[in-house]
Amino acid sequence: MNLVTRPGRVGIMGGTFDPIHYGHLVTAEAARWEFALQKVIFVPSGRPPHKKDYPVTDAEYRYQMTLLATASNPYFEVSRSEIDREGFSYTVDTVAEFRREYGPEVQLYFITGADAILEILTWKDVDTLLRECHFIAATRPGFQLNRLEESRPQLPVEGRHRIHLIEVPALAISSTDIRWRVKNNKPIKYLLPEAVEEYIRSRGLYRPRLDGVYEKG
Ligand code: ATP
Ligand code: MG
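Residues numbered from 1 in each chain as written. Chains lettered and ligands numbered in written order. Predicted model: local features only at pLDDT ≥ 70, side-chain atom pairs only at ≥ 80, totals over all residues. Heavy atoms only, no water.

Per UniProt, the protein goes by Probable nicotinate-nucleotide adenylyltransferase and derives from Moorella thermoacetica. Under the UniProt heading Function, the note attached to the protein is "Catalyzes the reversible adenylation of nicotinate mononucleotide (NaMN) to nicotinic acid adenine dinucleotide (NaAD)." In its Catalytic activity section, UniProt records this for the protein: "nicotinate beta-D-ribonucleotide + ATP + H(+) = deamido-NAD(+) + diphosphate". (UniProt positions renumbered as here; feature names shortened; annotations may be inferred.)

This is how it looks when you write it as structure tokens:
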């Protein structure tokens, strides 16, 4: 059998990646390993439909940082799918696009932090999503798994078994904290790959703008 065309399992790691950090990378690698995924595709968001409470960095910068961070892992890829799509990006559209690309045989696994999954499961497209893909939710510090368990009964019965939980080493790293650190001249070393750190420095990302309005958190 031709290995290249053998139906497999593909992971999709969506995120704002503003910036990408070791929390994302550890989670993607843990999911790849535990679910024997043939690869994990990182999908930086275009325009997020949920308004963020801070100005999201230009997509090209976020895309470049994601490329830099994933380059050393042969199982990781980066997709421009959401960045290049017009208008707002919805997970359901992204998953549908990968379904078209990889065909009906492939099993898609959408990887998220356990905090993000609760949000996703309240979306109106949850039935379609659970039909099209599995979800791997990684726990991270401060998240109470019982909140997910409590919401499970509200999920469509056929889809409930498609939500998997994994534990990743407790990483209290978040992009919010990294942006705050840069802004306040605190170190970000060892929170994210050096190449990304260097990119942030050379482009002057996350520094307060001259007009003084930048981000809240
Ligand atoms: P922000 O602080 O701006 O919200 P973030 O660190 O949460 O950023 P996102 O780009 O929003 O990063 O996250 C993309 C995905 O990665 C989400 O599913 C999120 O839950 C997950 N994630 C983020 N940080 C971690 C972490 N430290 N451990 C595990 N999963 C994480
Ligand atoms: Mg987040």
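A. Up close: helix α8 (residues 175-183). For α8, the set of buried residues is S175, I178, R179 and V182. Projected onto a plane normal to the axis of α8, the buried residues spread over an arc of 100° and lie on a single side. Structurally, α8 contributes buried residues whose contacts are with α1 (22-34) and α9 (194-203). Two residues or fewer past α8, N185 is found with a positive phi of approximately 55°. (Buried < 20%, exposed > 50% of the residue type's maximum accessible area, 1.4 Å probe, protein only. Helix = DSSP H or I, 4+ residues; strand = E, 2+ residues; numbered from the N terminus. Arc of directions from axis to C-beta. Contact = heavy atoms within 4.5 Å.)

B. Main features of the packing of aromatic side chains. Inspection of every chain in the model, using the stated rule, returns six aromatic pairs. Aromatic rings pair up to connect F17, F42 and F76 into one cluster. The lysine or arginine in question, R32, covers the ring of Y75, its NZ or CZ lying 3.8 Å from the ring centre. Just above the ring of Y190 sits the side chain of K189; from NZ or CZ to the centre is 5.5 Å. (Phe/Tyr/Trp six-rings, centres within 6.5 Å; stacked < 30°, edge-to-face > 60°. Lys NZ or Arg CZ within 6 Å of the ring centre and 35° of its normal.)

C. Summary view of the environment of G11. You can see G11 is positioned in strand β1 (residues 9-15). On the basis of relative accessibility, which here comes to 0%, the residue G11 falls in the buried class.

D. Spatial organisation of the side chain of T70. By the element assignment, T70 lies in helix α2 (residues 59-70). Residue classification places T70 among the buried positions, given a relative accessible area of 3%.

E. Representation of the side chain of S81. You can see S81 is positioned in helix α3 (residues 81-84). One polar contact links S81 to R85, side chain to side chain, over a distance of 3.2 Å. What S81 contacts, discounting residues up to four positions off in sequence, is T94 and E97. (Polar contact = N/O pair within 3.5 Å; in protein donor to acceptor, adjacent residues only side chain to side chain.)

F. View of the pattern of salt bridges. Summed over the entire model, instances satisfying the criterion amount to 10 salt bridges. Notably, a salt bridge pairs R32 with E29, separated by 2.9 Å at the nearest N-O pair. Of this pair, R32 and E29 both sit in helix α1, three residues apart, which is roughly one turn of the helix. Owing to a relative accessible area of 11%, R32 belongs among the buried residues under this scheme. (Salt bridge = Lys/Arg side-chain N within 4 Å of Asp/Glu carboxyl O.)

G. The arrangement of the pairing of strand β4 (residues 107-113) in detail. Within β4, five of the seven residues are buried, leaving the element largely enclosed by the surrounding structure. Where β1 lies against β4, five bridges are found, and the strand directions are parallel. Of the residues in β4, the one forming a bridge with M13 is I111. In terms of strand pairing, β4 meets strand β5 (residues 133-139) through six bridges, oriented parallel. Considered in β5, the bridge of F110 is made with F135. (Pairing = 2+ DSSP bridges.)

H. The nonpolar core, seen in detail. Ranked by size, the top nonpolar core spans 31 residues in total, and within it I20, V40, F42, M65, I166 and I200 carry the most contacts. Secondary-structure elements contributing two or more residues to this core are α1, β2 (39-44), α2, β4, β5, α8 and α9. Per-element tally for this core: the top contributor is α1, with four residues. Not counting residues up to four positions away in its chain, the partners in contact with I200 are P19, M65, V182, I188, L192, L205 and Y206. Residues I12, F98, I117 and F135 belong to the second largest nonpolar core, which totals 21 residues. (Core = buried A, V, L, I, M, F, W, Y, C linked by side-chain atoms within 4.5 Å.)

I. Layout of the sheet that holds β1. Spatially, the six strands line up as an open sheet ordered β3-β2-β1-β4-β5-β6, and their pairing is parallel. The sheet is open, and its two borders are formed by β3 (76-78) and β6 (163-167), each paired with just one other strand. When strand polarity is set aside, the average angle formed by the axes of neighbouring strands in this sheet is 30°. In this structure, β5 lies alongside β6, joined through five bridges in parallel fashion. Bridging from a neighbouring strand, A137 pairs with L165 of β6. (Axes fitted to C-alpha atoms, helices over the stretch in contact; angles between N-to-C directions.)

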